[in-house]
Amino acid sequence: MHTHQESVRPVTTARRRSATVGAVLAAVSAVGLVTAAPANAEVKSTCGTYICVATAYQGRDYVQDITVTTRDGLPGTVRAFVGDYGNRKANVSRWRFVVNREFRAYPRLAVCGGLDRSGRVIENHCVLIP
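Below is a summary of the structure that appears in this document. (Residues numbered from 1 in each chain as written. Predicted model: local features only at pLDDT ≥ 70, side-chain atom pairs only at ≥ 80, totals over all residues. Heavy atoms only, no water.)

## Examining unusual backbone geometry
Excluding glycine, residues mostly carry a negative phi; peptide bonds, for their part, are mostly trans.
No. 1: Its identity as a non-glycine residue notwithstanding, N100 has a phi of 50°, on the positive side.
No. 2: Tracing the sequence through the fold places N100 in strand 6 (residues 94-102).
No. 3: Judged by its relative accessible area of 40%, N100 is partly exposed.
No. 4: Positive phi values are uncommon outside glycine, yet S118 reaches one of about 55°.
No. 5: When you line up the elements, S118 lands in the loop between strand 7 (109-117) and strand 8 (120-129). (Helix = DSSP H or I, 4+ residues; strand = E, 2+ residues; numbered from the N terminus. Buried < 20%, exposed > 50% of the residue type's maximum accessible area, 1.4 Å probe, protein only.)

If you want it as structure tokens, here you go:
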């Protein structure tokens, strides 16, 4: 019986490993699909002291989305704004704002994010495009 157990263990271990690798690859693929910008979009990001701001855009006038992330991982009210667009999400450490709008700004367009905590503005930070 000892020989039988040895022959079963590698198969069971291989199945577990295969299932684990498959689950990890599926999770990575799902995250990639959620966060990936369309093929024709450009992405630009920059960080301030407390937040990082990233934007996917096309050309110099069309903003697809703005992602605001706190650098310390702690939640707050994150904001995104560009032109006359402004939106906020309370009590998060990261949020992707879907904008999908064209803005006219010359010579450069400022795409911004902000962080508020305890009713105070902690930081506003902008990405300049193009």
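## Here we look at the packing of aromatic side chains
No. 1: What the rule picks out here adds up to 0 aromatic pairs.
No. 2: The ring of W95 has K89 lying over it, and the distance from NZ or CZ to the ring centre is 4.6 Å. (Phe/Tyr/Trp six-rings, centres within 6.5 Å; stacked < 30°, edge-to-face > 60°. Lys NZ or Arg CZ within 6 Å of the ring centre and 35° of its normal.)

## Section: the environment of H125
No. 1: You can see H125 is positioned in strand 8.
No. 2: On a C-alpha basis, the gap between H125 and V53 in space is 7.0 Å, while along the polypeptide they are 72 residues apart.
No. 3: With residues near it in sequence (within four places) discarded, H125 still touches T46, C47, G48, I51, V53, V111, C112 and G113.
No. 4: At 3.5 Å, the side chain of H125 forms a polar contact with the side chain of T46.
No. 5: A distance of 3.4 Å separates a polar side-chain atom of H125 from the backbone oxygen of C47. (Contact = heavy atoms within 4.5 Å. Polar contact = N/O pair within 3.5 Å; in protein donor to acceptor, adjacent residues only side chain to side chain.)

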